[in-house]
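The lines below spell out each chain.
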Amino acid sequence: MESHIKIKKSSYTATRNACKLCSPLGASMAFKGLKNCITLIHGSQGCATYIRRYLISHFREPFDIASSSFSEETAIFGGAKNFNDAIKNIISQYNPEVIGIATTCLSETIGEDVKRLIRDYRSENKDVKLPDFIHTSTPSYQGTHSEGYHETVKSIIETLANKTCSNDAVNIFPGFVSPADMRHLKQIFNRFGIKYIMVPDYSESADNPYWEEYKKLPEGGTSVDLIREAANAKASIEFGHVFNRGTQTGSIKNHTKYNYTAGEYLSERFSVVCFQCGLPIGVNETDKFFDILQKLSSREIPEIYKKERGRLIDSYVDGHKIMFGKRAIVYGEEDLVIALTKFLSETGIKVVLAISGGNSGKLSSSLNEMIDSKEPVCTVSEDADFEDLSEIAGNIGADIMIGNSKGYYIASSLKIPLVRVGFPVHDRFGAQRISHLAYSGTQELYDRIANALLEYKQESSTVGYKYL
Ligand code: SF4
């Protein structure tokens, strides 16, 4: 097959300003979507502090994340004592139903055997009712925050899912999307009359209503009992192409057996049918998602979504003169970059540069499959950082950037608009309520992009147009 993309390698060996985040951050997000769960970062205190700071600034919500606080001594002799102290403290302070344990670069490098630490803790505390423990292996040198997230979702399912009697629910693994997107997905399932098990579900716990008093464990999240039922569901739906497949345990690039996802695990182990589609952004990908729901529910698409779809297409027609021929730079998590590129190709916007810090090898192949042969070449850079983006972007003649807030300084130096999507968004308010998914989420995104282009045109003109 002819390639429609040009692959650009980083000119630098070290990462200068990473276009990805740390893997345990993704794990912390996945654990946030479990009911009455506290995350323990098994490693240095700085890792937990950085993660808390990033999550709080994006969601503007409290994120209690514990740390086993490694010191020089722990790094040499192992973290068993710190682990035991941390678990005891978490239980006495929070009394959680679940403790999610994510390892960091340091604890993985010294080879901490967390499964043994859990076993030892259990046997030393036989007479006490203990919470469930879920361990996920998330060294950041092995994957991005997105891979850490998907790896953790898989660990949650592997630890808890338990085959008993079949039920008629559908598992939904939405990926690292916004709380607003999760609420919207749940509404869609309800309107199709499909019972669902969403893992994780931080639609409430990462976007709480006002509290009179501080709650150590916020409401919301999927319960352990419900997650156990995932093995008995009639199907699973998961969004993505890359998932956790870029991790070293199963790199496609090295042609080793690639890592499996939560849905693939349930399919393999418990014969739960697994449907995979890209993040439903844009008409085509949302159509694929709705086709699956139609099949699973044996129901017609609800009228409300037919209308939303129609309005979205109508806006593509109305906005064509604003969007057509514009050149975009898209960056961030690989699955989000793939979904946005696909969506933008529906609108007449040409993605001229797609960049991610992920290194699964899937970004360029997925984009190549979806780019029309009549289209000119799109430059793709994997395992890239923001300095790579800055160097390539300077010569590419882009009109707009679409990605997280960390690209702001580049958009500002290029004097082009930036539409903020995904994670993190640290320089705007309401990031947890940004919608991306399905027809209505795409509509919001489309309107934001069109308005960013109009605003730019208006502000860079000396005429003072009030009519565009
Ligand atoms: S040391 Fe590793 S786990 Fe800790 S913050 Fe840095 S990248 Fe993340």
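Since we're looking at a predicted model, the values are computed, not measured.

What counts, and at which threshold
- Residues numbered from 1 in each chain as written.
- Predicted model: local features only at pLDDT ≥ 70, side-chain atom pairs only at ≥ 80, totals over all residues.
- Heavy atoms only, no water.
- Helix = DSSP H or I, 4+ residues; strand = E, 2+ residues; numbered from the N terminus.
- Rg over C-alpha atoms; globule rule 2.2 N^0.38 Å.
- Buried < 20%, exposed > 50% of the residue type's maximum accessible area, 1.4 Å probe, protein only.
- Contact = heavy atoms within 4.5 Å.
- Areas by Shrake-Rupley, 256 points an atom, 1.4 Å probe, with all protein chains shown as cover.
- Lys, Arg positive; Asp, Glu negative; His and termini not counted.
- Charge placed at Lys NZ, Arg CZ, Asp CG, Glu CD.
- Domains from an automatic or database assignment.
- Buried area = accessible area lost by both parts, 1.4 Å probe.
- Salt bridge = Lys/Arg side-chain N within 4 Å of Asp/Glu carboxyl O.
- Polar contact = N/O pair within 3.5 Å; in protein donor to acceptor, adjacent residues only side chain to side chain.
- Nonpolar A, V, L, I, M, F, W, Y, C, P; charged D, E, K, R; others polar.

### What to know about the overall build of the protein
If you tally the helices and strands in the protein, you get 18 helices and 14 strands. Taking 468 residues into account, the globule formula puts the C-alpha radius of gyration at 23 Å, and the protein, at 22 Å, falls close to it. Out of the 468 residues belonging to the protein, those deemed buried represent 56%. Put simply, 76% of the contacts in the protein that link residues at least 6 apart link residues at least 24 apart. Total accessible area on the protein is roughly 20,300 Å²; 49% of this is exposed by carbon and sulfur atoms. The averaged location of the 57 negative side-chain charges in the protein is 2 Å from the averaged location of its 54 positive side-chain charges.

### Some thoughts on the domain arrangement of the protein
One frequent convention defines the size of an interface as the accessible area lost when the parts assemble. Once the domains are mapped, the protein shows domain 1 (5–15 + 310–459) and domain 2 (21–142). Taking only C-alpha atoms into account, the centre of domain 1 sits 34 Å from that of domain 2. On the domain 2 side, the residues contacting the ten residues of domain 1 number nine residues. Summing both sides of the interface, domain 1 and domain 2 together bury roughly 870 Å²; the carbon and sulfur share of this comes to 61%. On the domain 1 side of the interface with domain 2, the three residues burying the most area are Phe423, His426 and Gln432, jointly 65% of the side's total. The interface formed by domain 1 and domain 2 contains zero salt bridges. Taken together, the connections running from domain 1 to domain 2 amount to five residue pairs in polar contact (both at pLDDT 80 or more). For the side of domain 1 that touches domain 2, the class distribution of residues is five nonpolar, three polar and two charged.

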